[in-house]
Amino acid sequence: MPSHLSADRPAAQPPGRGSVDALISQTRRLKGDVDAVRRGAEEDDGPDHPRGRWQRALCDLALHQLNDLDEHLAQLRDGPLPTAPTPDPATPPQGSLLSRVGSAEWNLLTDEASWSGELYRILGRDPAAPPLTLDELPSLVLDEDRPKLTAMVTNCLVDARPIDGEFRIARRDGDVRTVHMMGEPVLDTDGSTASMWAVLRDVSELRRSQRVVSETRDSLHHQREAARTEHRLAVELQEAVLPPWRGSLRLPHRGPRTLDLAARRLQASTTTLIGGDWYDALELTGGETLLSVGDLTGQGVGVTSNMTMLLGAVRGMAMAGAQPGQLMAWLNQLLDATVQPALGSAICCRYRPGTRTLVWAQAGHPAPLLFRDGTGRALSAPDGVLLGATSGPGYGQAEETLQVGDLLLLHTDGLVPGHTGTAAANLLLDLAPRLTGDRTAEDCVRTVVEEFGAGEREDNACLLAVKVTS
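Residues numbered from 1 in each chain as written. Predicted model: local features only at pLDDT ≥ 70, side-chain atom pairs only at ≥ 80, totals over all residues. Heavy atoms only, no water.

### Digging into the overall build of the protein
The helix and strand inventory of the protein stands at 10 helices and 16 strands. Put simply, 65% of the contacts in the protein that link residues at least 6 apart link residues at least 24 apart. Split by element, the accessible area of the protein, about 23000 Å² in all, is 52% carbon and sulfur. (Helix = DSSP H or I, 4+ residues; strand = E, 2+ residues; numbered from the N terminus. Contact = heavy atoms within 4.5 Å. Areas by Shrake-Rupley, 256 points an atom, 1.4 Å probe, with all protein chains shown as cover.)

Structural data, given as structure tokens:
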């Protein structure tokens, strides 16, 4: 850009081609690297994830600026473009740098103006029309931006300050464009301002890209805040309804202790969302004990809310005397009638200490595992489909007589990472030599967690260990 030191200084010579070519090569390598990062962001998070949209918007902005830099350097290498407007139909491609950068000079002594052909295209003017003077230029500018342009031009002409600012113009086709103007005064030999020279650049697409980055960043921030709030609410709900005891629990609270219990909830390592897993142990009237575990599909506050409702219903119906099979049927009706349909699996057991009898029912859930004398097996499951899967199904009921020293493991699917169903049960049964004997329920839970709780976990899980002590 011309210096304001002298109006008749010699023209600057373009730098050597070799150094500029090296910069162009570096810029193009950077463009390839940024494009690779953009593709990776889309593959990692998918096209609709807020974080992915923000990352891609940043990459698009970087590519936009690198494309401009590439073409700037090419123009620097090849020398200045002709400044006289020509009606040559071979105009630069729409959106290219050459169609977005124009130049102008206003001679204050002769009141003449000279515009480049690119500036006519930027401002949407007819190339055959005379260029606008500095007094006429504000007629293209939006009303709210005219004071800014007037102040920049006045400071340049009066105080010899460089121009560096943006304003919006309204073209004849109705399109509003954002123009960035950089200019300097050219001084006469007596120090007075003889003319003003400026480069005007259409930065509309650049500003649009920056707005997209800002909007997607804000969207990502709001999404993260919403996720943190949802996680906190889900945790509070879960902690409010799951049993408050930690470590071992012995039931019943009065009289001889017949059961030793311990439980653990394992959080997924791939998500911060809370699922619908639950475990429960509740002393019932007559000395019996309710044991239950369950899992609702999905994650988040809605699922945790449904889990809270189901667990409250299980406790209430069990306290009212409902047997496990009937209780499962009523739970299915309750889940089927919820506003947000959901699927769930569950086990419900009533333990009768007088006869050491376990009466239980299941709804599409892994069967309890019984460990005795160094071996283990899964209990034979009665009929039962997933909760919420269909209306009016029947749920069977089974009984198992336990012995002193027996250990029961009740768990939700996902306890064994990477395995479900029979495969997960077999891996748990392989722990039989380590789970039997004089060990407490808490010892058994610790053994299972040490074996299967340390690695990556894709799903939340719950484990309830029940040991018959008398």
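### With respect to unusual backbone geometry
At A160, a position not held by glycine, the phi torsion is positive, near 60 degrees. Relative to the helices and strands, A160 resides in the loop between α4 (146–159) and β3 (163–170). For A160, a relative accessible area of 25% corresponds to the partly exposed category. One non-glycine residue, R356, adopts positive backbone phi at about 55 degrees. Looking at the element boundaries, R356 is found in the loop between β10 (344–352) and β11 (357–363). Relative accessible area serves as the criterion here: at 30%, R356 is assigned to the partly exposed category. (Buried < 20%, exposed > 50% of the residue type's maximum accessible area, 1.4 Å probe, protein only.)

### Structural notes on the pairing of strand β7 (residues 259–266)
Along β7, 6 of the 8 residues are buried, which leaves the element largely enclosed by surrounding structure. Bridge count for β7 against strand β16 (residues 461–468) is 8 bridges, and the pairing is antiparallel. Each bridged residue has a counterpart across the sheet, and for D260 the counterpart in β16 is K467. (Pairing = 2+ DSSP bridges.)

### So, the side chain of T133
With respect to the helices, strands and loops of the structure, T133 is situated in the loop between α3 (117–123) and α4. Of the residues examined, T133 reaches a relative accessible area of 19% and is grouped as buried.

### Describing helix α8 (residues 421–429)
Listed in full, the buried residues belonging to α8 are A424, A425, L428 and L429. Taken down its axis, α8 places every buried residue within 135 degrees of arc, on the same side. Buried residues along α8 sit in contact with β12 (369–372), β13 (375–378), β15 (407–411), α9 (432–435) and α10 (441–452). (Arc of directions from axis to C-beta.)

### Some details on the packing of aromatic side chains
In the structure shown here, the tally under the stated rule is 1 aromatic pair. Seen in terms of ring centroids, W115 and Y120 are 5.2 Å apart; in terms of plane orientation they differ by 65 degrees. Their pairing is edge-to-face. (Phe/Tyr/Trp six-rings, centres within 6.5 Å; stacked < 30°, edge-to-face > 60°.)

### With respect to the sheet that holds β12
The 6 strands are arranged β6-β7-β16-β15-β12-β13 in an open sheet whose pairing can be described as antiparallel. The sheet terminates laterally at β6 (249–251) and β13, the two strands that pair on one side only. Strand-to-strand twist in this sheet, taken as the mean axis angle between neighbours without regard to direction, amounts to 20 degrees. Pairing of β15 with β16, which is carried by 5 bridges, proceeds in the antiparallel orientation. Bridging from a neighbouring strand, H411 pairs with L463 of β16. Relative to the sheet, α8 contacts β12, β13 and β15, its axis offset from that of β12 by approximately 20 degrees. (Axes fitted to C-alpha atoms, helices over the stretch in contact; angles between N-to-C directions.)

### A word on a negative patch on the surface
A grouping of D111, E112, D135 and E136 is seen on the molecular surface, where their side chains present a negatively charged patch. As for its placement among the helices and strands, E136 is situated in the loop between α3 and α4. (Patch = residues over 30% accessible without salt bridge, like charges linked within 9 Å, V, L, I, M, F, W, Y side chains within 5 Å. Salt bridge = Lys/Arg side-chain N within 4 Å of Asp/Glu carboxyl O. Lys, Arg positive; Asp, Glu negative; His and termini not counted. Charge placed at Lys NZ, Arg CZ, Asp CG, Glu CD.)

### Concerning the sheet that holds strand β14 (residues 398–401)
Strands sit in the order β8-β9-β10-β11-β14 across an open sheet of 5 strands; the sheet is antiparallel. Edge positions in the open sheet fall to β8 (275–283) and β14, since each of these has one partner strand only. On average, adjacent strands in this sheet sit at an angle of 15 degrees to one another, irrespective of strand direction. One ladder, built from 4 bridges, connects β11 with β14; its direction is antiparallel. The partner of V359 across the bridge, within β14, is E399.

Purely geometric numbers; function is a separate question.
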